[in-house]
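A closer look at the structure
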There are 6 protein chains.
Amino acid sequence: MTRHDGRAADQLRDVTIVRGWQDQAEGSALINFGRTRVLCAASVTEGVPRWRKGSGLGWVTAEYSMLPRATNTRNDRESVKGRIGGRTHEISRLIGRSLRACIDLKQLGENTIAIDCDVLLADGGTRTAAITGAYVALADACGWLGRPKAISGGVSAVSVGVVGGVPMLDLAYVEDSAADTDMNVVCTDTGSFVEVQGTAEGVVFDRAMLDQLLDLAVAGCAQLAKAQADALAGPPPAGPPQPASRGGGK
Amino acid sequence: MTRHDGRAADQLRDVTIVRGWQDQAEGSALINFGRTRVLCAASVTEGVPRWRKGSGLGWVTAEYSMLPRATNTRNDRESVKGRIGGRTHEISRLIGRSLRACIDLKQLGENTIAIDCDVLLADGGTRTAAITGAYVALADACGWLGRPKAISGGVSAVSVGVVGGVPMLDLAYVEDSAADTDMNVVCTDTGSFVEVQGTAEGVVFDRAMLDQLLDLAVAGCAQLAKAQADALAGPPPAGPPQPASRGGGK
Amino acid sequence: MTRHDGRAADQLRDVTIVRGWQDQAEGSALINFGRTRVLCAASVTEGVPRWRKGSGLGWVTAEYSMLPRATNTRNDRESVKGRIGGRTHEISRLIGRSLRACIDLKQLGENTIAIDCDVLLADGGTRTAAITGAYVALADACGWLGRPKAISGGVSAVSVGVVGGVPMLDLAYVEDSAADTDMNVVCTDTGSFVEVQGTAEGVVFDRAMLDQLLDLAVAGCAQLAKAQADALAGPPPAGPPQPASRGGGK
Amino acid sequence: MTRHDGRAADQLRDVTIVRGWQDQAEGSALINFGRTRVLCAASVTEGVPRWRKGSGLGWVTAEYSMLPRATNTRNDRESVKGRIGGRTHEISRLIGRSLRACIDLKQLGENTIAIDCDVLLADGGTRTAAITGAYVALADACGWLGRPKAISGGVSAVSVGVVGGVPMLDLAYVEDSAADTDMNVVCTDTGSFVEVQGTAEGVVFDRAMLDQLLDLAVAGCAQLAKAQADALAGPPPAGPPQPASRGGGK
Amino acid sequence: MTRHDGRAADQLRDVTIVRGWQDQAEGSALINFGRTRVLCAASVTEGVPRWRKGSGLGWVTAEYSMLPRATNTRNDRESVKGRIGGRTHEISRLIGRSLRACIDLKQLGENTIAIDCDVLLADGGTRTAAITGAYVALADACGWLGRPKAISGGVSAVSVGVVGGVPMLDLAYVEDSAADTDMNVVCTDTGSFVEVQGTAEGVVFDRAMLDQLLDLAVAGCAQLAKAQADALAGPPPAGPPQPASRGGGK
Amino acid sequence: MTRHDGRAADQLRDVTIVRGWQDQAEGSALINFGRTRVLCAASVTEGVPRWRKGSGLGWVTAEYSMLPRATNTRNDRESVKGRIGGRTHEISRLIGRSLRACIDLKQLGENTIAIDCDVLLADGGTRTAAITGAYVALADACGWLGRPKAISGGVSAVSVGVVGGVPMLDLAYVEDSAADTDMNVVCTDTGSFVEVQGTAEGVVFDRAMLDQLLDLAVAGCAQLAKAQADALAGPPPAGPPQPASRGGGK
């Protein structure tokens, strides 16, 4: 069984992560999962939403979007349509939940970090690339804030699916379109689960297949965690100037 | 370990299903999971969306909503806010995907069935009650159409979660609010998976816990499938008059 | 002259009122006018809109809506369309005005009561059933607040119309569709008018016909006032717990 | 009892009607009820909405709006708010219903007339001035279409109310703000009713008062019908060129 | 070369300005450029937007709109469409920028003036008529505020364009539709530029043509400045009552 | 006089253009004006809007947007706000008009090209970079369509402004913020004007200054035209597959 791009069933596409691509953001990363390219930015603002004031806890939110021509045919802009679609809402919520799982909101203090994940090119796996890249941007934003302990352990994500009866890792668009089952798995860098979302597309799946898919995903996330660690091993990008008001700073 | 309402950890709340509650709909059901009450309607229209015309295939969609005072405190209407929230979108999409898994769209022919799930009272598990009740409404709508073979096997759903370290079935609202992990599982009546959505709320979960949760859910869905079958065993509700144009009819 | 359901021209449909149907609301009622079913909830919040602060006066608002399949054919949700239609706006405003006519806003104090009227099944007269049921929910909410004097006298509503030249009380949907003139009348329990809205549908009406319609409506409202009084004669539903801050409470 | 502007209780404000003010419209009128000024336009388009095609019947719709500074303090534009308010919806619907009462839709043929009523200055009675002026614009549009028989009899409207216990005709803004009861009445030129909308503002009203108000309104409408007839007695405005396709034309 | 209305290429249409047309506004003007009619209102409110508080500076904004039947064929209302179009946005921003160029925001103090320009009849040049008329309304509003020094020098605007190869001043609609180049120029009363917006419509333009167009526009604005000065030479309209809180007042 | 980045007053920032960045689009370019980065895509669809059908002419539209963190502080998404702002509308319209000036719509045939310009990083001059880059994407899309003659001559754009009294070319953000006058100029590659938009920001400008700014802009556009020509001199990117239906193709 050969995949369209010559990969083995349990093989990720090439992953590259460029930190600090949007140099005026407190954290940012351009991540590639093969031809899929997502630009992730982490924006820090002092203070938290009203319902959280005085709690001593911070807050992390996320928004996902695609450029109109990230895909094979052009999609209308949601800003022009005047409303956000269900898929966008669903993915934005998934990214936010996933990243809050690796943040210690007490260590973050009463600061808010807004994550933006904008898909520049889409070839399958955009939501998992977004989560994986956003973790790097978030880590840099915590560093910029002088609060590196706010981020605990890594979080990465990968898609798995059943294509032609075969469980496969990190589906490209042509594979995803043909998949019977599609699953997105978010793991910590110690292999625990943050989120498991499996969907039967036409063909339901049994427990044995579910187990195989989870095995593939956990192994894939371990490799992604390594790519994140490698990217974060270097010196942090400069980032924007520190506000005068924050004494000690980074 | 006793639950707040005296149930065992692996016990469902009382389930009741009233068919034909909205008597002018082609299919409808009022379902109770304990105090949670969801009104489900299946509306048949001839024809399919434009992108599907001439395919010979039908289509099934779903929309979920809550009455403003279904909850402990009043929520603003989405119609008044002028936009649908992310949670509503996410659940509507889940219901639609789940029900399409039990429909043979070829047998349905070029007809569209719109499912409406409106939560009248919310005490946890509204989306799983909605799926379970909507299946009954959908089955009656297929019968009304004279196409009973369009629906293949049953689909039901239940929530499971980890509360105070203990895996539990069919969480009520107070349990759901306190859960470390929350999972919604949609199964066929033969125990295969249609959808698995597990989310760590604050505490990540390992493979062993995931397995326990899946066991609980599969057992719970089997009981719900029985409740559906019991409800559907009786004579169908009258439903609205058949259109003159559909010769043989039901 | 026999009506389609055997009623006399001056006869109401069967009226039933179930108090406390939404048990976590401060007041609620499920009201039936024949096959028409409306769920009414009264939600209390402390405080008033900004323009009213410091006045010592309370406020009452209302919102009306229909489930998509309350009607013979499905209507698109206003939340999905992203805007509220003119009919919905018009009825919501009518309900709000009618209920404020029976409230002593000074006795209410600086509290706001939001009334929600959701039509579960529609067979004509939904707005008049909504007003009649909402009065019961509102009365219970005032009781829950410990301010029973805030509500002064009853308010009920009924439709009248001219069908085939004959003035009739409490039109069902098939009658309403065929009516030449349609009128909704809101009365106090002492027979004074709160609102009179008469509309010629195709055939204009003269003063004599207007007088006959008003006579029918006043008599119908008197019967509805009795049904309300009977419902309210029993013990109040438990309602949600009283906030700790409100000392004496109910 | 003297009114703030010296009128008797049963006296209209000065009424003036300028036909053809928007000279490129098929019909238009600028109407003044005292300081209240409303610009009314009737726009003809060939064809009818889809649900009416092939019926041989025409259609008439109406939209009402106010300029932001028509009032004492500036109101935000509904276009900027992105939604139409309940009051605007309610009045637009009232105007449309009222004008359809004087149109023979069969005589109109499959043409649509859209009425626009824009309030340039508001001093009470804007909806009644709008109806009264729109009738003139509509009559001219029917003439332009070469279908003068499409319009049958006149329609005019006036407000009445109880101020300080006294029933009064054609309330100005200061009177309307102080009124206990406010009623808008739409009559044909033969004194039959098209619409009666009475609302208790704080003080409910009895049958005797209702009768007095109706008497005042019917007398007021008779005077307005005369003002309309006078305006329409002169030669019609030129209006826009006739489309080449409409053979005989006017 | 004769223009359709007999004007010379460098000739304005007749300009008339009626001050105080909306008598309850702090400043207002109805301006005609030939058949083009724009109603301009200036509304004063105490205070400034939040981002400006405590600065000692005022603020001026503007909104432009057209009545649906100001044009040859009816345009749908932006309030009904639920969104403001690009052209409206663009013109509103142009008017706001132009008027801020003649205001000394320090002299204005922490007050906000909202300019509304509503086109009642459109025959080309609506944005330039709006700017020219709005200046008059703004001047009166500054006077009403007792701050005549807030307005420094005049601002007026005119369109120029190339029609059939000939540069022309103050294009009417039929000319504008046929123009190869269209330019709107906003000048101070001393002939400096506030805004220059030239657009090639199908045929690009060279520097020599640009120079001719600017010459025409500067000369046209000088005449408009005179018309403004003439209008403002008379006594100011009464305007609404001064608030009690503003001691000295005007 | 030295600029903050060492440039001369009449010097452009470094310009780079990468063709084919979004490889599945019919034409695309990533353009940098110094730190400003804009991704431009040209999407071809067969057919034209309804109002143009049967004319034999094509159509070109454009949409401009910024990523939320393209700027120093994060901007809310217009999709989340539910409406497009005035600035976005204004720039989208400018880009569309500018590109239509270099297209022969007859040569294009009944095809539509949608231009998307998304700002990834913003440091002033985003609209001029967008126009300059979009021309390259548009040229490739015409080539892909096999209609290279549809594009006639080049179009490029640059900003000029007066900073500290000195006219300068190609303003960076810090310069733009401090400018007294800001002008955007769009030229053909033969130096004619497509669009001239000059705005006084606080200080009005006279004819002599306008002439200096135009000289600077014309010279800058000539350099940009050369950069476009250089980019287009190489072989075209592969682009997406040709539709089977288009016989000859490229």
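Calculation notes
- The residue numbering used here restarts from 1 in each chain and proceeds along that chain's sequence as written.
- Chain labels run from A onward and ligand labels from 1 onward, assigned in the order the entries are written.
- Totals for whole chains, interfaces and linings use all residues, but because this is a predicted model, local features are given only for residues with pLDDT of at least 70 and pairs of side-chain atoms are given and counted only at 80 or more.
- Values reported for side chains reflect all heavy atoms of the structure, with hydrogen atoms and water molecules removed beforehand.
- UniProt positions are given in the numbering used here, feature names are shortened, and annotations may be inferred rather than shown by experiment.
- Superposing the copies works by least squares over the C-alpha atoms of residues that have pLDDT at least 70 in both of them.
- Throughout, a contact is declared for two residues whenever any of their heavy atoms are within 4.5 Å.
- Helix and strand labels come from DSSP, where a helix needs a run of H or I of at least four residues and a strand needs a run of E of at least two; each type is numbered from the N terminus.
- Any helix carries an expected span of 1.5 Å times its number of residues minus one.
- Between buried and exposed lies partly exposed: a residue is buried under 20% and exposed over 50% of the maximum accessible area for its type, with that area taken using a 1.4 Å probe on protein chains only.
- Note on pairing: two strands pair once DSSP finds at least 2 bridges between them.
- Note on method: axes are straight lines fitted to C-alpha atoms, helices fitted across the in-contact stretch only, with angles between N-to-C directions ranging 0 to 180 degrees.
- Two parts lose some accessible area (1.4 Å probe) when they are put together, and adding that loss for both gives the buried area.
- Definition used for salt bridges: Asp or Glu carboxyl oxygen within 4 Å of a side-chain nitrogen of Lys or Arg.
- Counting of polar contacts relies on pairs of N or O atoms within 3.5 Å, with two restrictions inside protein: one atom must be capable of donating a hydrogen and the other of accepting it, and residues adjacent in sequence are counted only when both atoms are side-chain atoms.
- We call Asp, Glu, Lys and Arg charged. Ala, Val, Leu, Ile, Met, Phe, Trp, Tyr, Cys and Pro are nonpolar, and the rest, Gly among them, are polar.
- Only buried residues count toward a nonpolar core. Its members are Ala, Val, Leu, Ile, Met, Phe, Trp, Tyr and Cys residues joined through side-chain atoms within 4.5 Å.
- Throughout, the term roughly parallel applies to angles under 35 degrees, roughly antiparallel to angles over 145, roughly perpendicular to angles from 65 to 115, and oblique to all others.
- Crossing handedness: left-handed means the near helix sits turned counterclockwise from the far one by under a right angle, and right-handed means the same turn made clockwise.
- Two cysteine sulfur atoms make up a disulfide if the distance between them is within 2.5 Å.
- By convention, a stacked pair of Phe, Tyr or Trp rings (six-membered ring in the case of Trp) has centres within 6.5 Å and planes under 30 degrees apart, an edge-to-face pair has planes over 60 apart, and any other such pair is tilted.

- Under an unreviewed UniProt entry, chain A has the name Ribonuclease PH and belongs to Pseudofrankia inefficax.
- Its UniProt record gives chain A a comment under Subunit (unreviewed entry), which states: "Homohexameric ring arranged as a trimer of dimers."
- Regarding chain A, the UniProt comment filed under Sequence similarities (unreviewed entry) reads as follows: "Belongs to the RNase PH family."

Focus: the relation of the copies chain F and chain A
- With an RMSD of 0.0 Å, chain F superimposes on chain A once it is rotated by 180° and translated 0.0 Å along the axis. This pairing of chains is accounted for by a two-fold axis. Nearest to the rotation axis, the C-alpha of Ser79 of chain F is located 1.8 Å from it, this being the minimum over chain F.
- When the interface residues of chain F are mapped onto chain A, 100% of them are again interface residues, pointing to one common binding face.

As for the UniProt feature "domain: Exoribonuclease phosphorolytic" (unreviewed entry) in chain A
Residues and elements named next belong to chain A.
- Under the local residue numbering, the UniProt record ascribes the feature "domain: Exoribonuclease phosphorolytic" (unreviewed entry) to residues 11–141 and 155–219.
- Taken end to end, residues 11–141 comprises 30% helix and 32% strand; its first and last C-alpha atoms sit 31 Å apart.
- Measuring from the first to the last C-alpha atom of residues 155–219 gives 13 Å, for a span that is 29% helix and 45% strand.

Some points on helix 4 (residues 126–144) of chain E
Residues and elements named next belong to chain E.
- Here helix 4 contains 19 residues, and its C-alpha end-to-end distance of 26 Å stays within 8% of the 27 Å for a straight helix at 1.5 Å per residue.
- Counting buried positions along helix 4 gives 18 out of 19 residues, so the element sits mostly inside the fold.
- One or two residues past the end of helix 4 sits Gly146, with phi positive at roughly 75°.

Brief notes about the sheet that holds strand 1 (residues 15–19) of chain D
Residue and element names in this part refer to chain D.
- If you trace the five strands from one edge of the open sheet to the other, you get 1-2-3-5-4, paired in mixed fashion. Whereas interior strands pair on both sides, the edge strands pair on one side only; in this sheet they are strand 1 and strand 4 (59–66). Averaged over all adjacent pairs, the angle separating strand axes in this sheet is 15°, with direction ignored.
- In the sheet, strand 3 (residues 36–46) pairs with strand 5 (residues 111–121) via ten bridges, with the strands oriented antiparallel. From the neighbouring strand, Val38 faces strand 5, where its bridge partner is Val119.
- Contacts between helix 2 (residues 86–100) and the sheet are confined to strand 4 and strand 5, with strand 4 contributing the most and set at about 145° to the helix.
- Contacts between helix 4 (residues 126–144) and the sheet are confined to strand 1, strand 2 (27–33), strand 3, strand 4 and strand 5, with strand 3 contributing the most and set at about 35° to the helix.

A closer look at the interface of chain F and chain A
- Counting from both sides, the interface comprises 35 residues of chain F and, opposite them, 35 residues of chain A.
- Contact between chain F and chain A buries roughly 2,900 Å² in total, counting both sides, with carbon and sulfur atoms accounting for 48%.
- Across the contact surface, chain F and chain A share 14 salt bridges.
- A salt bridge links Arg74 of chain F to Asp116 of chain A, with the shortest nitrogen-to-oxygen separation between them at 2.6 Å.
- On the surface where chain F and chain A come into contact, there are 22 residue pairs in polar contact (both at pLDDT 80 or more).
- Here the residues of the side of chain F that touches chain A are counted per class, giving 16 nonpolar, eight polar and eleven charged.

Description of the nonpolar core
- One finds Ile113 of chain A, Ile113 of chain B, Ile113 of chain C, Ile113 of chain D, Ile113 of chain E together with Ile113 of chain F to be the most contacted residues of the largest nonpolar core, which totals 423 residues.
- Every residue in contact with Ile113 of chain C, bar those within four places of it in the chain, is listed here: Ala42, Ser43, Val44, Trp59, Val60, Thr61, Leu108, Leu138, Ala141, Cys142 and Leu145 of chain C.

Structural notes on the pattern of salt bridges
Residues and elements named next belong to chain D.
- Tallied over the entire structure, the rule returns 132 salt bridges over all chains.
- The closest approach of N and O atoms between Glu175 and Arg7, which form a salt bridge, is 3.5 Å. A residue pair is termed long-range when its members are at least 10 positions apart, and Glu175 in helix 5 (residues 173–178) and Arg7 in the segment before strand 1 qualify at 168 residues.
- Taking the relative accessible area as the measure of exposure, Glu175 reaches 6% and is therefore buried.

Side note on the sheet that holds strand 8 (residues 181–188) of chain F
- The strand order 7(E)-6(E)-8(E)-9(E)-9(F)-8(F)-6(F)-7(F) describes an open sheet built from eight strands, whose pairing is antiparallel. Where the open sheet ends on each side, the last strands, each with one partner, are strand 7 (166–169) of chain E together with strand 7 (166–169) of chain F. Averaged over neighbouring strand pairs, the angle between their axes works out to 15° when direction is ignored.
- Across four bridges, strand 6 (residues 155–163) of chain F lies against strand 7 of chain F in antiparallel orientation. Note on strand 7 of chain F: the bridge partner recorded for Gly161 of chain F is Met168 of chain F.

Side note on the UniProt feature "binding site: phosphate" (unreviewed entry) in chain A
- This chain's UniProt record puts "binding site: phosphate" (unreviewed entry) on Arg87, Gly125, Thr126 and Arg127 of chain A. Spatial clustering of the annotated residues is evident: they stretch over 41 residues in sequence, but the largest pairwise C-alpha distance comes to 13.6 Å.
- Summarising the element assignment, Arg87 of chain A is placed in helix 2 (residues 86–100).
- Not counting residues up to four positions away in its chain, the partners in contact with Arg87 of chain A are Tyr64, Met66, Thr126 and Arg127 of chain A together with Arg93 of chain B.
- Residue Arg127 of chain A is classed as buried on the basis of its relative accessible area, which comes to 18%.
- Residues within four places of Arg127 of chain A in sequence aside, it is in contact with Tyr64, Arg87, Glu90, Ile91, Leu94 and Asn184 of chain A.

A few points about the side chain of Ser43 of chain F
- For Ser43 of chain F, the position within the fold is in strand 3 (residues 36–46).
- Classification of Ser43 of chain F by relative accessible area gives buried; the value is 4%.
- Side-chain polar atoms of Ser43 of chain F contact the side chain of Arg69 of chain A, separated by 2.9 Å.

What about the packing of helix 2 (residues 86–100) of chain E against helix 4 of chain E?
All names here are of chain E.
- In contact at an axis separation of 10 Å, helix 2 and helix 4 are set at 40° when each is read in the N-to-C sense. In terms of orientation, helix 2 and helix 4 fall into the oblique class. Two packed elements cross with a definite hand, and for helix 2 against helix 4 that hand is right-handed. Where helix 2 approaches helix 4, its residues Arg87, Glu90, Ile91, Leu94, Ile95, Ser98 and Leu99 are matched on the opposing element by Thr126, Arg127, Ala130, Ile131, Ala134, Tyr135 and Leu138.

Here's the deal with the side chain of Thr188 of chain B
- By the secondary structure assignment, Thr188 of chain B is in strand 8 (residues 179–188).
- Setting aside anything within four residues of it in sequence, one finds Thr188 of chain B in contact with Val204 of chain A together with Gly154 and Val194 of chain B.

Examining the state of the cysteines
- Under the definition given, this model contains zero disulfides over all chains.
- Here Cys102 of chain B is not cross-linked by a disulfide; its sulfur's nearest cysteine counterpart is in Cys142 of chain B, at 8.0 Å.
- Overall, the relative accessible area of 1% leaves Cys102 of chain B in the buried class.
- Left without a disulfide partner, Cys221 of chain F is nearest to the cysteine sulfur of Cys187 of chain F, which lies 4.0 Å away.

Concerning the environment of Tyr135 of chain A
- Structurally, Tyr135 of chain A can be placed in helix 4 (residues 126–144).
- For the pair Tyr135 of chain A and Glu201 of chain A, spaced 66 residues apart in sequence, the C-alpha to C-alpha distance is 29 Å.

Things to note about the packing of aromatic side chains
Residues and elements named next belong to chain B.
- Here the structure, examined in full by the defined rule, presents twelve aromatic pairs over all chains.
- Between Trp51 and Trp59 the ring centres are 5.1 Å apart and the planes differ by 85°, which places this aromatic pair in the edge-to-face class.
- Residue classification places Trp51 among the exposed positions, given a relative accessible area of 57%.
- Here Trp59 falls in the buried class, since its relative accessible area comes to 17%.

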